[in-house]
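Structure assessment
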Amino acid sequence: MSVKTKKVIGGLFGVFLLLMWQVLSMVIGNSFILPSPLAVLQNLRENSGEIFLVHFPATMQVVVVGAILSIVIGVGFALLMDASTIIAGAVYPILTVTQTIPVMCLAPVLVLWLGYTMKMRVLVVVLANFFSVTVDMYDGLQSTDEEKSRLLSSFHAKRWQQLVMLRLPSAMPHFFSALHVVIVWSVVGAAVAEWLGASRGLGTYSRYCLSGLDAAGLIAPLLVLTVVALVLNKAVKLIEYRVLKWRDER
Amino acid sequence: MALKFKNVTFRYEDEPDCIMENLSFEIEKGGLTSFIGASGCGKSTAFRLINGLLTPQEGEIICEEKCGYMPQHDLLFPWKNVEQNVMIPLVVQKVAKAKRKAMAAELISRVGLEGCEKKYPKELSGGMRQRVAFARTLSTGANMLLLDEPFSALDSITRVSMQEWLLEQWRALDKTILLVTHDVDEAVFLSERILVFTGHPVKQLMEIPVPLPKDRTRSMLLRPEIIKLKEELIKVLRQEATL
């Protein structure tokens, strides 16, 4: 099956699901329980000023700052672990243990420590993310071809040259797979943190609508978040395609 | 003389037995010499010793030339194009950009790959990739080239062309070439002198001169004395293999 046919089939099925949603909401006939997709769009249009000018920028700030910090900290840990087996031995097991704590459930503790601040929300995003970056990146660095490394040694390459010329480029495919995860989970993490409490943000807005039993208003910001995640993901894909164009298409 | 092993003994740290013991041999400047032997006999170890990647426990290795190592698999960096791959040793040595570009251009045309500078390894055939690897070895500026089974991963037709190509390069280049191989035909066709690795550990190398001129052709391999030489070589290697 060609890529194009697959896309058409996927698109058609999406339209079908939307139609089913519309029909189902009409059958239920209660917008408190299941608002129709049209009602959600209607709500989004009516409140677009508030959603896009007040809440959207607030959320994006958390997403962007959180994602960048996740990447910097995650890659930093990976480089340290790659540079020293002692550090790797000390840090790796502890990182694994911390990851078994569901970060989303830890978020209220962060509220206790940091209050309803931007710091708290960014920290939720970072905690949800940096470990997967560390693991992916570390695996990438460690999977460097030993023979290529020996070849560089035969050219008398120094350690930092090995890192820059061989280890980092080898890890790039792993880095990008981490980046895809980071994008999605930054959006999720930001929304959850805002649910806990914030003066502004799409999560806050969604929660506010919940208290007013406005189901369409609850879903509308989620729709925006979904589109944000999709767009960011596509952007990463485009960059990935350019950066990794050397890869075999196998 | 380009290289001298003087009573060299070497053992890998985590292994009980020596790979080579009290081994001595010499390599003349400008020659093409093959190391032949069963796998695991110490040919590649000898290369790493020459290259300084390993140090012998005893004895001395005197190498007056700068060595350039060419591995069995091309080991081209897939994210670098042909030009960038050839320049790797120059980047490591921090040669200025304009100079290394000029050097790379010359080497790429020497190996007959003009026009392929911007191509990535995935776009090249096996033989082309090995030629890039050869150019990369030359760009180290080495006068002694250590070729570790350079053609063993190629299909047989490409291998034959690449062997002839290597002979041309050697005649044109005035370099000392050491070639590791386990292919008797390849050793006989390419080298002036064959050193056979036998025994565990290797204590001495059996030396077989090849009575063919520098500008040889494949048909000369059919001469009776060459066929006899090949038979002898195979006999020695088979004894080793059944041990």
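Residues numbered from 1 in each chain as written. Chains lettered and ligands numbered in written order. Predicted model: local features only at pLDDT ≥ 70, side-chain atom pairs only at ≥ 80, totals over all residues. Heavy atoms only, no water.

**Comments concerning the overall build of chain A**
Heads up, the rule is: Helix and strand labels come from DSSP, where a helix needs a run of H or I of at least four residues and a strand needs a run of E of at least two; each type is numbered from the N terminus. Type-normalised accessible area, obtained with a 1.4 Å probe on protein chains alone, sets the label of each residue: buried when under 20%, exposed when over 50%, and partly exposed for intermediate values. Contacts are assigned to residue pairs that have any heavy atoms within 4.5 Å of one another.
What chain A contains, in helices and strands, is ten helices and zero strands. For chain A, the sequential pattern of α-helices and β-strands runs α-α-α-α-α-α-α-α-α-α. Viewed in the frame of its principal axes, chain A has a C-alpha envelope of about 75 × 55 × 30 Å. The buried share of chain A, reckoned over its 250 residues, is 42%. By sequence separation, contacts in chain A at least 24 residues apart represent 71% of the contacts at least 6 residues apart.

**Structural notes on the sheet that holds strand 8 (residues 193-197) of chain B**
All names here are of chain B. Here is the rule we go by: Being paired, for any two strands, means DSSP has found at least two bridges between them. Simply put, an axis is a line fit to the C-alpha atoms, just over the touching stretch for a helix, and the angle between two N-to-C directions goes from 0 to 180 degrees.
Strand order in the open sheet formed by six strands is 5-6-7-3-8-9, and the pairing between neighbours is mixed. Every other strand in the sheet has two partners, leaving strand 5 (67-70) and strand 9 (205-209) as the edge strands with one partner each. The average angle at which neighbouring strand axes cross in this sheet is 20°, direction not considered. Where strand 5 and strand 6 (residues 144-148) come together, four bridges link them in parallel fashion. Of the residues in strand 6, the one forming a bridge with Gly68 is Leu145. Taken strand by strand, helix 5 (residues 156-173) contacts strand 3 (32-36), strand 6 and strand 7 (176-181), and its axis lies near 160° from that of strand 7.

**Here we look at the pattern of salt bridges**
All names here are of chain B. Worth spelling out the cut-off: Between Lys or Arg on one side and Asp or Glu on the other, a salt bridge is scored when a side-chain nitrogen of the former is within 4 Å of a carboxyl oxygen of the latter.
The final tally for this structure, using the stated rule, is twelve salt bridges over all chains. For Arg218, the salt bridge goes to Glu164, with nearest N and O atoms at 3.4 Å. Of this pair, Arg218 sits in the loop between strand 9 and helix 7 (224-242) while Glu164 sits in helix 5, and the two are 54 residues apart along the sequence. With a relative accessible area of 27%, Arg218 lands in the partly exposed category. We note a salt bridge from Lys230 to Asp185, for which the minimum N-O separation is 2.7 Å. With Lys230 in helix 7 and Asp185 in helix 6 (residues 184-190), this pair connects stretches of sequence that are 45 residues apart. By relative accessible area, which is 16% here, Lys230 ends up buried.

**A closer look at helix 10 (residues 215-243) of chain A**
Residues and elements named next belong to chain A. Condition: In this analysis, the expected span of each helix is defined as 1.5 Å times one less than the number of residues it contains.
Here helix 10 contains 29 residues, and its C-alpha end-to-end distance of 42 Å stays within 8% of the 42 Å for a straight helix at 1.5 Å per residue. For helix 10, every residue scored as buried is listed here: Ala215, Ala216, Gly217, Leu218, Ala220, Pro221, Val224, Leu225, Val228, Ala229, Val236 and Glu240. On its buried face, helix 10 is in contact with helix 2 (37-46), helix 3 (48-83), helix 8 (159-196) and helix 9 (202-211).

**Comments concerning the sheet that holds strand 4 (residues 58-63) of chain B**
All names here are of chain B. Strand order in the open sheet made by the three strands is 2-1-4, with antiparallel pairing throughout. Since the sheet does not close on itself, it has two edges, and those belong to strand 2 (20-27) and strand 4, each with one partner. Adjacent strand axes in the sheet meet at a mean angle of 15° when their direction is disregarded. Here strand 1 (residues 3-10) pairs with strand 4 via five bridges, running antiparallel. Bridge pairing in strand 4 links Lys6 to Glu60. Most of the contacts of helix 1 (residues 43-51) go to strand 1, to which it runs at about 115°, and overall it touches strand 1, strand 2 and strand 4.

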